[in-house]
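Each chain is listed here by its residues.
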Amino acid sequence: MRRTEPLRALARETHLEPGALILPLFLCPGEGVRREIGSMPGVFNLSVDEAVKEAEAAASLGIGGLLLFGLPETKDERATGAWDEQGIVQRGLRAMKQSGAGRKLVVMADVCLCEYTSHGHCGIVKQDGEEYEIENDSSLGLLAKTAVSLARAGADVVAPSDMMDGRVAAIRDALDEEGLEQTPILSYAAKFASAFYGPFREAADSAPQFGDRRSYQMDGANVREAMREIDLDLAEGADMILMKPAMPYLDVIRAVRERFEVPIGAYQVSGEYSMLHAAFARGWLEPQRAMMESLVSIRRAGAGFIVTYFATEAAKVLAARA
Ligand code: PBG
């Protein structure tokens with residue numbers, strides 16, 4: 001059954017289609033800006049006009065959607081840029097929705113404060129000399145306000161990635177109150193505190209200025225806790241669940257797939273992309289085969305959709321095969 005490609009295709013258990021791929025984009029101020037991220041070859045900070053072009057290319061390849069992040073002009077302690085009506089992602093969303101691409105794609109907006117806070121943490125920080133704490137409850141209002149403003153600007157889905165407790169309920173309530181009851185929530189319910197987010201923090205300029213995210217993101221050793229986080233988020237009103245990172249946590253994706261009936265996505269994060277690219281640059285791995293194998297592994301583990309920086313490249317490979 002493995003002798004020829006038609007035989008292998010007949011026996012193949014796992015398939016990928018471009019519609020299952022979600023492309024992350026990093027929006028930045030300016031016009032005509034296309035600045036490559038040093039640690040992520042082929043990934044750029046894009047001004048809104050350039051991002052719209054990227055979205056059009058993605059849509060013509062049949063990609064499922066986009067996940068938008070923003071680099072604001074200025075940062076402050078209350079993450080004003082995250083919920084500002086004229087914020088960078090809000091402007092991007094309006095432009096996407098005006099272009100044909102934005103109507104073909106599911107345009108998701110990441111909801112978090114770390115790209116917009118001066119200290120780079122995902123919530124409000126209470127500091128007392130050397131001591132500091134990320135305040136869970138006082139961060140919820142700002143996260144809800146951010147989600148409302150992104151949904152109003154045209155986000156088809158809001159995706160909270162901050163990992164504060166209770167944020168899904170706070171966001172659901174705020175959306176409903178504002179007449180945005182049709183906007184679904186994709187919760188990064190099980191987000192592990194991971195070294196693999198390193199390159200993203202260069203791309204989104206969101207590295208914490210002190211400390212780390214281990215007081216709010218999950219300990220990578222825990223599977224049962226991931227289940228509890230998902231139970232809570234679903235009870236609070238999450239419509240879909242995102243797992244991340246992907247490749248180092250395939251067992252968690254599988255366990256989650258078997259236990260929950262909601263749509264589940266996985267995020268092949270920046271470090272997973274960068275490490276593959278580092279090996280491609282040295283000629284140590286065959287780029288196309290390694291890319292497709294990594295994506296199929298995530299699908300096989302149980303992810304219905306995959307957020308990946310390879311989305312466009314992989315969709316081209318799939319189009320050539322079809
Ligand atoms: C924001 C956020 C991060 C990622 C997605 N949303 C960074 C972090 O938690 O530090 C990481 C994505 C990637 O590494 O590609 N909180």
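What comes next concerns the included structure.

Thresholds applied
Residues numbered from 1 in each chain as written. Predicted model: local features only at pLDDT ≥ 70, side-chain atom pairs only at ≥ 80, totals over all residues. Heavy atoms only, no water. Near = heavy atom within 4 Å. Polar contact = N/O pair within 3.5 Å; in protein donor to acceptor, adjacent residues only side chain to side chain. Areas by Shrake-Rupley, 256 points an atom, 1.4 Å probe, with all protein chains shown as cover. Nonpolar A, V, L, I, M, F, W, Y, C, P; charged D, E, K, R; others polar. Core = buried A, V, L, I, M, F, W, Y, C linked by side-chain atoms within 4.5 Å. Buried < 20%, exposed > 50% of the residue type's maximum accessible area, 1.4 Å probe, protein only. Helix = DSSP H or I, 4+ residues; strand = E, 2+ residues; numbered from the N terminus. Contact = heavy atoms within 4.5 Å. Pairing = 2+ DSSP bridges.

**Some thoughts on the site of the ligand**
Around the ligand, a shell composed of 18 residues is seen, among which K191, R201, K244, S270 and Y309 lie nearest. A distance of 3.3 Å is found between a nitrogen atom of the ligand and a side-chain nitrogen or oxygen belonging to K244. Coverage of the ligand by the protein amounts to 100% of the 400 Å² it exposes when considered alone. Among the residues forming the shell around the ligand, the class breakdown is ten nonpolar, three polar and five charged.

**Digging into the nonpolar core**
With 117 residues, the main nonpolar core has V158 and Y267 as its most contacted residues. By residue number, the principal contributor to this core is helix α6 (residues 136-152), which donates eight residues.

**Here's the deal with the side chain of D233**
Along the polypeptide, D233 turns up in helix α9 (residues 224-236). Those residues in contact with D233 that lie beyond four places of it in its chain are R167, V168, S187, A189 and A238.

**Concerning the pairing of strand β7 (residues 131-135)**
Residues in a regular strand point their side chains to alternate faces of the sheet. Two strands pair when backbone bridges link them, and strand β6 (residues 124-128) and β7 are joined in this way by five bridges, in the antiparallel orientation. Bridging across to β7, K126 finds its partner in E133. In this structure, the hairpin formed by β6 and β7 is closed by a connection of two residues, where G129 is found at a positive phi of approximately 60°.

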